[in-house]
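Listed below, chain by chain, are the residues.
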Amino acid sequence: MAETLLLVTELRKTFGALRATDGITLDVLAGETHAIIGPNGAGKTTLIAQLAGMLRPDSGRIRFAGEDITPLSAQARSRRGLARSFQITSIYRDFTALDNVALAVQAHAGHSFRFWRPAHEERALRQPAQAILNEVGLAARADVLAANLAHGEQRQLEVAMVLATGPRLLLLDEPVAGMGAEETQRMIEFLARLKGRQTMLLVEHDMDAVFSLADRISVLVYGRVIATGTPAEIRANADVRAAYLGEEVA
Amino acid sequence: MKRGTTLLIGTLLLFAAIPPIAGWLNEPFYLDLFRRVMIFAIAAASLNLILGYGGMVSFGHAAYLGVGGYAVGILAHYGIDNGYLQWAVAIGASAVVALAIGSISVRTSGIYFIMITLAFTQMLYYLGVSIEEFGGDDGLRLARRSQFGDLLDLANPTLFYYVVLAILVLVVFAIHRLVNSRFGMVIRAARSNEARTQAIGFSPYPYRLAAFVISGAICGLAGALLANHTSFLTPDFMHWTRSGEIMFMVILGGIATSAGPVLGASVLLLLEDLLSAWTVHWQIILGPFLVLVVLFARKGLAGLLARDERHG
Amino acid sequence: MNAILIVEQALNGLQLGVMLFLMAAGLTLVFGIMNLVNLAHGSLYMVGAYLATHFMQTTGSYALGVLFGLGGTLVVGILVEVIALRTLYERDHLDQVLATFGLILFFNELVAILWGRNAIYSSLPQFLSGHVEILPNLNYSLYRLVIIAVGLLVAGLLWYVVTHTRLGMLIRAGASNRTMVAALGVNIRLLYTLVFGFGAALAGLAGLLAAPIFAVQTGMGELILIQVFVVIVIGGIGSIRGAFAGAVIVGMVDTMGRAFLKPTLATVISPSAADSAGPALASMLIYLLMAVVLAIRPQGLFGSRGG
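Just so we're clear, the structure is a prediction, and the values are computed from it rather than from any experiment.

Cut-offs applied
- Residues numbered from 1 in each chain as written.
- Chains lettered and ligands numbered in written order.
- Predicted model: local features only at pLDDT ≥ 70, side-chain atom pairs only at ≥ 80, totals over all residues.
- Heavy atoms only, no water.
- Helix = DSSP H or I, 4+ residues; strand = E, 2+ residues; numbered from the N terminus.
- Rg over C-alpha atoms; globule rule 2.2 N^0.38 Å.
- Buried < 20%, exposed > 50% of the residue type's maximum accessible area, 1.4 Å probe, protein only.
- Contact = heavy atoms within 4.5 Å.
- Areas by Shrake-Rupley, 256 points an atom, 1.4 Å probe, with all protein chains shown as cover.
- Lys, Arg positive; Asp, Glu negative; His and termini not counted.
- Charge placed at Lys NZ, Arg CZ, Asp CG, Glu CD.
- Buried area = accessible area lost by both parts, 1.4 Å probe.
- Salt bridge = Lys/Arg side-chain N within 4 Å of Asp/Glu carboxyl O.
- Polar contact = N/O pair within 3.5 Å; in protein donor to acceptor, adjacent residues only side chain to side chain.
- Patch = residues over 30% accessible without salt bridge, like charges linked within 9 Å, V, L, I, M, F, W, Y side chains within 5 Å.
- Domains from an automatic or database assignment.
- pLDDT = per-residue confidence, 0-100.
- Expected span 1.5 Å × (residues − 1).
- Core = buried A, V, L, I, M, F, W, Y, C linked by side-chain atoms within 4.5 Å.
- Pairing = 2+ DSSP bridges.
- Axes fitted to C-alpha atoms, helices over the stretch in contact; angles between N-to-C directions.

**With respect to the overall build of chain C**
Within chain C, the secondary structure is distributed over 11 helices and two strands. When the helices and strands of chain C are read in sequence order from the N terminus, they spell out α-α-α-α-β-β-α-α-α-α-α-α-α. At 20 Å, chain C has a C-alpha radius of gyration in line with the 19 Å of a compact globule built from 307 residues. Across the 307 residues of chain C, 53% fall into the buried class. Within chain C, contacts between residues separated by at least 24 positions form 76% of all contacts whose residues are at least 6 apart in sequence. Surface exposure of chain C reaches about 12,500 Å², of which carbon and sulfur atoms provide 67%. Where the 13 positive side-chain charges of chain C centre and where its 10 negative ones centre are 10 Å apart.

**Section: the arrangement of the chains**
If you rank the two pairs of chains in contact by how many contacts each has, first place goes to chains B and C. A gap remains between chain A and chain C, with no contact made and the closest C-alpha atoms lying 15 Å from each other.

**Topic: the interface of chain B and chain C**
Between chain B and chain C, the residue contacts involve 41 residues of the former and 47 residues of the latter. Taken over both partners, the interface formed by chain B and chain C buries close to 3,900 Å², and the fraction arising from carbon and sulfur atoms is 80%. Counting the surface chain B buries against chain C, the share from its top three residues, Tyr112, Met115 and Trp240 of chain B, is 17%. Our count for the contact surface shared by chain B and chain C stands at zero salt bridges. Linking chain B with chain C are five residue pairs in polar contact (both at pLDDT 80 or more). Contributions of two or more residues to the side of chain B that touches chain C are made by helix H5 (110-130), helix H10 (240-253) and helix H12 (283-296) of chain B. Broken down by element, the residue count for the side of chain B that touches chain C peaks at 14 residues, all from H5 of chain B.

**Topic: the pattern of salt bridges**
All names here are of chain A. Using the criterion set out here, one finds 25 salt bridges over all chains in the structure. Salt-bridge contacts for Arg216 lead to Asp27; the nearest nitrogen and oxygen are separated by 3.4 Å. Here Arg216 is found in strand E9 (residues 216-221), whereas its partner Asp27 is found in strand E2 (residues 18-29), with 189 residues between them in sequence. Judged by relative accessible area, Arg216 falls into the buried class, the value being 18%.

**As for the side chain of Gln198 of chain A**
Residue and element names in this part refer to chain A. Tracing the chain through its elements places Gln198 in the loop between helix H6 (181-194) and strand E8 (199-203). Judged by relative accessible area, Gln198 falls into the buried class, the value being 10%. Discounting residues that sit within four places of it in the chain, Gln198 has contacts with Gly31, Glu32, Leu163, Pro167, Arg168, Leu169 and Leu170.

**Some thoughts on a nonpolar patch on the surface**
Residues and elements named next belong to chain B. A surface patch of nonpolar side chains, amounting to about 550 Å² of accessible area, comprises Ile21, Trp24, Leu25, Phe29 and Tyr30. Sorting the residues of the nonpolar patch by element identifies helix H1 (3-25) and helix H2 (28-53) as the ones contributing at least two each. Looking at which element gives the most residues to the nonpolar patch, the answer is H1, with three residues. Summarising the element assignment, Tyr30 is placed in helix H2.

**Section: the domain arrangement of chain A**
Residue and element names in this part refer to chain A. Split by domain assignment, chain A resolves into domain 1 (1-81 + 167-250) and domain 2 (91-166). Here the C-alpha centre of domain 2 lies 26 Å away from the C-alpha centre of domain 1. On the domain 2 side, the residues contacting the 19 residues of domain 1 number 14 residues. Of the roughly 1,300 Å² buried where domain 1 meets domain 2, counting both sides, 62% is carbon and sulfur surface. Of all residues in domain 1, Pro167, Met187 and Phe190 bury the most surface against domain 2, accounting for 34% of the area lost on that side. Taken together, domain 1 and domain 2 are joined by one salt bridge. The tally of links between domain 1 and domain 2 comes to seven residue pairs in polar contact (both at pLDDT 80 or more). Going through the elements one at a time, helix H2 (74-79), strand E7 (169-173) and H6 are the ones with two or more residues in the side of domain 1 that touches domain 2. Sorting elements by how many residues they give to the side of domain 1 that touches domain 2 places H6 first, with five residues.

**Observations regarding the confidence of the model for chain C**
Residues and elements named next belong to chain C. For chain C, the average pLDDT comes to 88, and 94% of its residues sit at 70 or higher. Ranking the helices and strands of chain C by mean pLDDT puts helix H2 (residues 41-59) first, with 95, and helix H7 (residues 178-183) last, with 65. For this predicted complex, the interface confidence score (ipTM) comes to 0.90, while the overall pTM stands at 0.91.

**Digging into H1 of chain B**
Residue and element names in this part refer to chain B. Spanning 23 residues, H1 covers 31 Å between terminal C-alpha atoms, matching the ideal 33 Å at 1.5 Å per step. Within the sequence span of H1, burial applies to Gly4, Leu8, Thr11, Leu12, Phe15, Ile18, Pro19 and Ala22. Check the buried side of H1 and you find it contacts H2, helix H6 (157-180) and helix H11 (259-278). After H1 finishes, the residue Asn26 shows a positive phi value of roughly 60°.

**Examining a negative patch on the surface**
Residues and elements named next belong to chain B. Together, Glu132, Asp137, Asp138 and Asp236 make up a negatively charged patch on the protein surface. Structurally, Asp138 is set in the loop between H5 and strand E1 (140-141). Its relative accessible area of 64% is what places Asp138 among the exposed residues.

**Re the nonpolar core**
Formed by 258 residues in total, the largest nonpolar core has its most connected members in Phe15 and Trp87 of chain B. Of the domains in this structure, domain 1 (1-81 + 167-250) and domain 2 (91-166) of chain A are the two that each give at least three residues to this core. In this view, Phe15 of chain B contacts Phe34, Val37, Met38, Tyr161, Leu165, Leu168, Val262 and Ser266 of chain B; residues no more than four positions away in its chain are not counted. Within the second largest apolar cluster, 24 residues are counted, among which are Ala42, Leu47, Leu82 and Val203 of chain A.

**Considering the sheet that holds strand E1 (residues 4-15) of chain A**
One key point about sheets: their strands pair by backbone hydrogen bonds, in either a parallel or an antiparallel sense. Residues and elements named next belong to chain A. As summarised here, the arrangement of the four strands in space is E2-E1-E4-E5, forming an open sheet in which the pairing is antiparallel. Since the sheet does not close on itself, it has two edges, and those belong to E2 and strand E5 (67-68), each with one partner. As defined by bridge partners, E1 adjoins strand E4 (residues 59-64) across five bridges and the pair is classed as antiparallel. Directly across from Arg12, in E4, lies its bridge partner Ser59.

**Concerning the sheet that holds strand E6 (residues 82-84) of chain A**
Residue and element names in this part refer to chain A. Spatially, the six strands line up as an open sheet ordered E6-E7-E8-E3-E9-E10, and their pairing is mixed. With one partner strand each, in any of the chains shown, E6 and strand E10 (224-229) form the two edges of the open sheet. Strand after strand, the sheet turns through a mean of 20° between neighbouring axes, direction not considered.

If you want it as structure tokens, here you go:
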């Protein structure tokens, strides 16, 4: 049995009368690809925001690699190896693709109180950044301004930035949202190559993507996990079919 | 070479040519005018560091002109006219004041940041007005310019002019290096997308605060130069309209470019000079001009003249 | 330092406070609803003071002066909104700051052209001048009492309008959700123009009330504007309640500081040291207060938004 990398216990977050997260308990094992699915409004994005440290839970604990990270800020979690992509692409639009990734490398290469030497000339930043761009298939686009990349390329760039932080756990918030069929296919293939090497927690609406990638799936409904299991188990689960999958997969 | 860089070097070469031209025309006034332009270019360049690259809209940069100026003036008032000491104190004191103001204001953003930096500068202005020992409202006369032994004699107007030019070149180059260094990439990243910057693991605050302090220190040096230039200090060094003018120089010249502050300071001060020679009510023209620049020429002169340049 | 003096200075502080409130209310509404930083708000205060004084002097009637002062500022405010500021709502704060800074230069110079650079003075009509005995041995200026009354009245009216009327509902909704208000079929442009004009009229009111007390001169608007910024930072942005609390606090602290700091210091340090430190410290007091509030509550006393 692989070690537990992320352990979420009894996480709660309410907004007024809305229980966005209603006692979620969840674990992610080292090396696995764990997907979270659920209908709109199930609380997936709220959950990701709490895991990434951008939203404080009302109660409950988040343990990461054996450490309680519940009180830590987003940047402190990032430094411990927990990295996220955003549902709405979040990149530096006025920087080139390579600069975007190099910044992510830089964030994890010591402090940045270095005032004189041009960052563009630092091989320690540029080389790993270029390697990651190659890996996600953006090698030819390294010197293009991020704002001028196609939508799918921007999402790939964001994943590249997240990877460049050398994360132990990748939180992917709808990585194929808004992509065309071809772009979606390319992203899924890329994530499939990453699978096994990189622990991933994936929130996604695209069921083809989820069932082809995930080792385990947790189903979130109204802020609660109603089932966790392998894709086959989830397909067969009566509760899940009733609550959710019935209409979409069957 | 990028056109922005060409423009910058051209302007600096023009500055270098002013003393012989002024001598040839027998118009020493030009020496004075352009020395003033260069001093404000230094101040504007320092503001551009945090405003243009860091996205921090400081409406209080005149504070550091004042602190730097008064550092020289007060030391001179007590008979200390060693230039090295005066200028070091000017830079150091400005950095300390920037640290104090920055540690409170940099935590905020947007409108709060604007109002707070403006308010603290006004506080320093009132402090200047109320201290009778240093002349209060009437100001403080500098008996003689900062002394640098036999090395430099700032009483020589041409020499002083070239000292200012050398400092301007140094400052513009240093800021250019700074914004392209690791440090500069972080403050530019935090301006471009703060949430992303935190998500990849940076805490923007210490970097922003450091930029704020560096910017204040450079502007303090401009203040020391300005005190030597005018030989007379008043709290008006710190008047809030001064802050507005410096900010306008940055926008007029082109935000987040190396050439911008130099061009902006040149055009604004020369325009003021032309207009004020024409009518005492020149501000009635300058005000609407400013509004029009904001509405229609947002990229500034550097943006208009050198469309291909980005982060130079 | 006796009780009479303290009461008198407290009233002075309250009077300054309500004037600051009249300015802060308009500024904070315009910011809260239109997300516009208007540095030229101080210019509207100046315009109100000049118009009122001018028409008082030329017509000899106080009432006409007030009428022209208020109406004139309203019209000037609406013109400024329609001509220049309307296009700035969608711009960032930097653009707004610079453009309204340009407007300040314009207005200051315009006033200098029309009325000269020297201060002009307005006089009070018979029925507002003089003093009343409000406590035994305390004669207080009737006019200052009137200012306090007008300010409190406006504060009450504003509170009622914002919390109890349809217009107030729209204003509050507009602050949080622009598209929603537009969806309700409200002409949002007109609403903005009205709110701006109303804020301008309040600034004009503050200006015309201030005219007989302070010198009416160019630049008078910016001196009070920066104090109003302190008020808004302390009170919390976009909040009328915050603006009122902040204004009274700043008015009191500033007035009390100027009146009592020097004599109080003199009991601790030497009188000559107090002579020089007292006024310096008094002039810095409200800014230091602002720093303290920011350190403890960055969003201000009544603010909901941080940063």
